[in-house]
There are 2 protein chains.
Amino acid sequence: MIAKSMVDYVKGSSVIRAMFEEGKRLADKYGVENVYDFSLGNPSVEPPAEVKDSIIDILQNEEGTYVHGYMSNAGYEDVRDIIAKSLNRKHGTSFGSDNILMTVGAAGGLNVILKTLLDPGDEVITFSPYFGEYKNYVANYGGVLVEVPPTEDFMPEAESFAAAFTEKTKAVIINNPNNPTGIVYPEETIVQIAEVLYKKEKEYGKAIYLIADEPYRELVYDGAEVCYLTRYYKDTIVGYSYSKSLSLPGERIGYLVIPDEVNDFENVVSAATVANRILGFVNAPSLMQRAVAKCVDAEVSVETYNRNRELLYGSLIEMGYECIKPQGAFYLFVKAPDEDDKAFCAKAKEFNILLVPGSTFAGPGYVRIAYCVDYDMIKRSLPAFEKLMGCYRQ
Amino acid sequence: MIAKSMVDYVKGSSVIRAMFEEGKRLADKYGVENVYDFSLGNPSVEPPAEVKDSIIDILQNEEGTYVHGYMSNAGYEDVRDIIAKSLNRKHGTSFGSDNILMTVGAAGGLNVILKTLLDPGDEVITFSPYFGEYKNYVANYGGVLVEVPPTEDFMPEAESFAAAFTEKTKAVIINNPNNPTGIVYPEETIVQIAEVLYKKEKEYGKAIYLIADEPYRELVYDGAEVCYLTRYYKDTIVGYSYSKSLSLPGERIGYLVIPDEVNDFENVVSAATVANRILGFVNAPSLMQRAVAKCVDAEVSVETYNRNRELLYGSLIEMGYECIKPQGAFYLFVKAPDEDDKAFCAKAKEFNILLVPGSTFAGPGYVRIAYCVDYDMIKRSLPAFEKLMGCYRQ
């Protein structure tokens, strides 16, 4: 008696639940310290101290009816102003509070902007491999996700990107730094993407929106630069979340940036604000809005993730695993030795290693390893990874 | 270039914005103390002290990665268990953690359950007047809201309720205590509603879900009892929010109750959990989940609202306004003297009184007065209400 559209989702969710249950079973059987769970993108680094201090300060000095009350569906005006100014300092942009819409995380923001833009049948392009939820978010509004096939190095490539457009293309989603690959797109790639987009806008005589999903923006290594896309393509809308930069994924706090120069700006902002309301978000959680405004310059310790990255990447390469060294996020996207990612995940489980098949991200033949875990767990897991590789060496 | 479905919403939202701007203009012109804003359902009573104490206690004693981290999409298991037990104590039910799904407020919960249940074209019945967002929430999933016309006393009536069903009816939404009328349904009314529902389930040979939207459950006066609907009709799903009971509307924290005995229970729970994820809520805000679990027995001062109710209701009746004395929520639903609610709201504005036309709630001919405001503002507003009535007396 549930909706027909939900039936397949429920089947899928029981697979995930089975995986979760299996993890618990393994932990019960072998002890939690002997199970190596690399499946979840749940930050392992504590939020910066400013978060706790800010929340307590707010609770002790501001009125409860204000701090926990309703505000505009777009969020507190002063919070949006502080965030706009912080972006301007960092990226040389010139946003004001009207360009910022506070959202229930980046997932909420993406749903809001897709509800705002999509008519049934509209197409949204993204690059494989990609965060699997994109497909669901687009389908929520009757849209169709169109996948650009991956290249060898997971770098967007102009020709295949251009080939994905049709007259139904309404938007493109780009995720940089990327989940699941950890790749950071260099400026030349961004420039190429913008060129294709401008050409296609002209060809089809309509706006095509670039949705930049950027929850991993601050998690970069080796001095990598993450381009701010509104500076490269005018019809860009940025979705951001504090889930990773402040380690607050459970709090569901983020924002959309809708620049003045975006096509049909006033309607997009108005519709997005309404969408925030009618989708049932209503507004981003109030106390957290006020807290992040006090922490715009705070950041988690990226060095902790970097240490994990260096240890795990270096060790796996030494064992013979194949993987591009990622410059961002907290994932390794590793080739399954025999290119069967599901079988490889099943085999890994025999050694108490929990991984996610690349197929989940439209990237079959690979597995995602989330290294947002304890450094010591990585150390303990290395003999298991070695044994796992042994099964494929013969 | 926004979605066609959003165009009308944007038009509607500019009307609301115009109202908001008008309120600001009046405050600037006449001074904020001379403007009487009764338009918003934003709690005026401070959250109970336990809320602040609990949050600070959690921040100081629990790990940040746990308190602010991801958990199951359904919410923290211990939080759900505490809430289930609290419901059992209050209502003699026998829920467990599996029956509770933590949501981003009641608005999030309603969207989750409608996404779970509705196929395009499915009908959802509700009683006029009703919270206007129901229409939008149902439309989000391709459903159609069917309105049962109001009775004189705004009490559901079996015959017109039964007449609203068709073979496409999938669910019924009931809001008790009611926004905008403040009416609390007595047990006999609930029993009648349940009887009709059971009859219709039999007639159409399928489950029809009763969705009980209960954010105002604790705001009742004169010792009124609010029946717990799962005890009267087995296919009941309850949507709850702490927005009013703990004065936390901005925090977006609530839950769904999905009892074991609900038709297709396992699929409904699984699908609702997936819906929570793919609609972009992901999970209810984590710190607030942990906080409300520590405050299950806390309540705001209902007496403060009651004092407002008595003063405003008594005064308006004395002036000749017509209104049923409400036993719940924090609204009066007052008859527009000449039955033109929009004109009455415009006239009220001339006296710096801001009200919401009943048409917004499918209740034309009435206006909603939200008395979740300062007692002193009510006192100051009384001469203005008197003058307003004067315009209709002649």
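A brief look at the structure comes next. Along each chain, residue indices are assigned from 1 in the same order as the chain's sequence is written. Each chain is given a letter, starting from A, and each ligand a number, starting from 1, according to the order in which they appear as written. Note on the predicted model: pLDDT of at least 70 is required for a residue's local features to be given, and 80 or more for side-chain atom pairs to be given and counted; whole-chain, interface and lining totals, by contrast, use all residues. Heavy atoms from the whole structure form the basis of all side-chain values; hydrogens and water molecules are not counted.

### Some details on the overall build of chain A
Okay, so step 1: Scanning chain A from N- to C-terminus turns up 13 helices and twelve strands.
Okay, so step 2: Whereas a compact globule of 394 residues would reach a radius of gyration of roughly 21 Å, chain A reaches 21 Å, a difference of no more than 12%.
Okay, so step 3: Projecting the C-alpha coordinates of chain A onto the three principal axes gives extents of approximately 65 × 55 × 55 Å.
Okay, so step 4: Each residue's exposure class comes from its accessible area (1.4 Å probe, protein chains only) as a fraction of the maximum for that residue type: buried when under 20%, exposed when over 50%, partly exposed otherwise. Within the span of chain A, comprising 394 residues, buried residues form 63% of the whole.
Okay, so step 5: Every accessible area reported is derived by Shrake-Rupley at a probe size of 1.4 Å, with residue values counting cover from the shown protein chains alone. Accessible surface, chain A: about 14700 Å² in total, of which carbon and sulfur atoms supply 50%.
Okay, so step 6: Taken together, the 39 basic and 56 acidic charged side chains of chain A have centroids lying 5 Å from each other. Strands are runs of DSSP state E lasting at least two residues, helices are runs of H or I lasting at least four, and both sets are numbered from the N terminus onward. Atoms counted for the radius of gyration: C-alpha only. Globule rule: 2.2 Å times the number of residues to the power 0.38. Under this rule, positive means Lys or Arg and negative means Asp or Glu; His and the chain ends count for nothing. A single reference atom marks each charge: NZ on Lys, CZ on Arg, CG on Asp, CD on Glu.

### Here we look at the relation of the copies chain A and chain B
Okay, so step 1: With an axial shift of 0.0 Å and an RMSD of 0.0 Å, the rotation relating chain A to chain B amounts to 180°. The superposition of one copy onto the other is thereby described by a two-fold rotation axis. Relative to the rotation axis, the closest C-alpha in chain A is found at Ile-56 of chain A, a distance of 3.2 Å. Superposing copies: least-squares fit, C-alpha atoms only, residues required to have pLDDT of at least 70 in both.

### A word on the side chain of Asn-111 of chain A
Okay, so step 1: As for its placement among the helices and strands, Asn-111 of chain A is situated in helix α5 (residues 105–117).
Okay, so step 2: Asn-111 of chain A sits in the buried class, given a relative accessible area of 0%.
Okay, so step 3: Any pair of N or O atoms that falls within 3.5 Å is considered a polar contact. Within protein, one atom must be able to donate a hydrogen and the other to accept it, and sequence-neighbouring residues count only if both atoms are side-chain atoms. Within the structure, the side chain of Asn-111 of chain A is placed 2.8 Å from the side chain of Tyr-141 of chain A, a separation counted as a polar contact.
Okay, so step 4: Beyond its immediate chain neighbours, meaning those up to four positions away, Asn-111 of chain A contacts Tyr-137, Asn-140, Tyr-141, Leu-279 and Phe-281 of chain A together with Ile-278, Leu-279 and Gly-280 of chain B. Contacts are assigned to residue pairs with any non-hydrogen atoms lying within 4.5 Å of each other.

### What about a negative patch on the surface?
Okay, so step 1: Taken together, the side chains of Glu-77, Asp-98, Asp-260, Glu-261 and Glu-266 of chain A make up a negatively charged region of the molecular surface.
Okay, so step 2: Inspection of the secondary structure puts Asp-98 of chain A in the loop between α4 (77–91) and β2 (100–103). Only residues whose relative accessible area exceeds 30% and that take part in no salt bridge are eligible for patches, with like-charged residues grouped when within 9 Å of each other and nonpolar side chains (Val, Leu, Ile, Met, Phe, Trp, Tyr) grouped when within 5 Å. Here a salt bridge means any side-chain nitrogen of Lys or Arg lying within 4 Å of a carboxyl oxygen belonging to Asp or Glu.

### Comments concerning the interface of chain A and chain B
Okay, so step 1: Across the contact, 76 residues belong to chain A and 76 residues belong to chain B.
Okay, so step 2: Buried area is calculated as the accessible area (1.4 Å probe) missing from two parts once they are joined, with the contributions of both summed. Overall, the association of chain A and chain B removes approximately 5900 Å² of surface from exposure, summing both partners, and the carbon and sulfur fraction of that is 56%.
Okay, so step 3: The largest per-residue losses of area from chain A upon contact with chain B belong to Met-1, His-68 and Tyr-70 of chain A, which jointly make up 13% of the total buried on that side.
Okay, so step 4: One salt bridge in this structure joins Glu-133 of chain B and Arg-277 of chain A, with 2.5 Å as the shortest N-O distance.
Okay, so step 5: Where chain A touches chain B, the interface holds 40 residue pairs in polar contact (both at pLDDT 80 or more).

### Considering unusual backbone geometry
Okay, so step 1: Following Ser-128 of chain B, the chain continues into Pro-129 of chain B via a peptide bond in cis, with omega recorded as -10°.
Okay, so step 2: Along the polypeptide, Pro-129 of chain B turns up in the loop between β3 (123–127) and α6 (133–140).
Okay, so step 3: Put simply, Asn-176 of chain B and Pro-177 of chain B share a cis peptide bond, and its omega is -5°.
Okay, so step 4: Mapped onto the elements, Pro-177 of chain B comes out in the loop between β5 (169–175) and α8 (187–204).
Okay, so step 5: For Arg-252 of chain A, which is not glycine, the phi torsion reads 55° and is therefore positive.

### Things to note about the pairing of strand β8 (residues 254–257) of chain B
Residue and element names in this part refer to chain B.
Okay, so step 1: Side chains of β8 alternate between two faces, with Gly-254 and Leu-256 and Tyr-255 and Val-257 buried alike.
Okay, so step 2: In this sheet, β8 lies alongside strand β2 (residues 100–103) in antiparallel orientation, the contact comprising four bridges. If you follow Leu-101 over to β8, its bridge partner there is Leu-256.
Okay, so step 3: One requirement defines pairing of two strands: DSSP has to find at least two bridges between them. Pairing geometry for strand β7 (residues 236–241) and β8, over four bridges, is antiparallel.

### Some thoughts on the packing of helix α2 (residues 49–61) of chain A against helix α10 (residues 286–293) of chain A
All names here are of chain A.
Okay, so step 1: Helix axes are fitted to C-alpha atoms over the stretch in contact, other axes to C-alpha atoms as well, and angles between N-to-C directions run from 0 to 180 degrees. Contact geometry for α2 and α10: axes closest at 9 Å, N-to-C directions at 120°. As judged from the angle between their axes, α2 and α10 are oblique. Of the two possible hands of crossing, α2 and α10 adopt the one that is right-handed. On α10, the residues touching Ser-54, Ile-55, Ile-58 and Leu-59 of α2 are Leu-287, Met-288, Arg-290 and Ala-291. Roughly parallel here means an angle under 35 degrees, roughly antiparallel means over 145, roughly perpendicular means 65 to 115, and every remaining angle is called oblique. A crossing counts as left-handed when the near helix is turned anticlockwise from the far one by less than a right angle, and as right-handed when that turn is clockwise.

### A short note on the packing of aromatic side chains
Okay, so step 1: Here a pair means two rings of Phe, Tyr or Trp (six-membered ring of Trp) with centres within 6.5 Å. Their orientation is stacked below 30 degrees between planes, edge-to-face above 60, and tilted elsewhere. One pass over the structure, following the stated rule, counts 43 aromatic pairs over all chains.
Okay, so step 2: With centroids separated by 6.3 Å and ring planes inclined at 10°, the aromatic side chains of Tyr-130 of chain B and Tyr-134 of chain B adopt a geometry described as stacked.
Okay, so step 3: Overall, Tyr-130 of chain B belongs to the buried group, its relative accessible area being 5%.
Okay, so step 4: Joined through ring pairs, the aromatic side chains of Phe-38, Tyr-321, Phe-344, Phe-385 and Tyr-392 of chain A make up one cluster.
Okay, so step 5: By the criterion adopted, a ring carries a charge over it if an Arg CZ or a Lys NZ lies within 6 Å of its centre and within 35 degrees of its normal. Cation over ring: Arg-290 of chain B sits above Tyr-76 of chain B, and NZ or CZ is 4.5 Å from the ring centre.
Okay, so step 6: Just above the ring of Tyr-375 of chain B sits the side chain of Arg-307 of chain B; from NZ or CZ to the centre is 3.8 Å.

### Considerations on the sheet that holds strand β11 (residues 356–357) of chain B
Note on sheets: strands pair through backbone hydrogen bonds, and any given pair is parallel or antiparallel.
Residue and element names in this part refer to chain B.
Okay, so step 1: Ordered by their spatial adjacency, three strands build an open sheet running β9-β12-β11, and the pairing between neighbours is antiparallel. The open sheet has two edge strands, β9 (331–335) and β11, and neither has a second partner.
Okay, so step 2: Strand contacts of helix α11 (residues 302–319): β9 and β12 (366–370), with the helix running at about 10° to β9, the strand carrying the most contacts.

### What about the nonpolar core?
Okay, so step 1: Residues enter a nonpolar core if they are buried and are Ala, Val, Leu, Ile, Met, Phe, Trp, Tyr or Cys, with the set joined through side-chain atoms within 4.5 Å. Within the largest apolar cluster, 122 residues are counted, with the highest numbers of intra-cluster contacts made by Ile-55 and Phe-161 of chain A together with Ile-55 and Phe-161 of chain B.
Okay, so step 2: Beyond its immediate sequence surroundings of up to four residues, Ile-55 of chain A is in contact with Leu-287, Met-288 and Ala-291 of chain A together with Ile-55, Leu-59, His-68 and Leu-287 of chain B.
Okay, so step 3: Of all hydrophobic cores here, the second largest spans 86 residues; its members include Ala-3, Leu-114 and Val-268 of chain A together with Val-10 of chain B.

### Thoughts on the pattern of salt bridges
Residues and elements named next belong to chain A.
Okay, so step 1: Following the criterion strictly, the structure yields 38 salt bridges over all chains and no others.
Okay, so step 2: Its salt-bridge partner being Asp-78, residue Arg-290 comes within 2.6 Å of it at the nearest N-O pair. Placement of Arg-290 in helix α10 and of Asp-78 in helix α4 is noted, with a sequence separation of 212 residues between them.
Okay, so step 3: Accessibility expressed as a relative area gives 33% for Asp-78, which makes it partly exposed.

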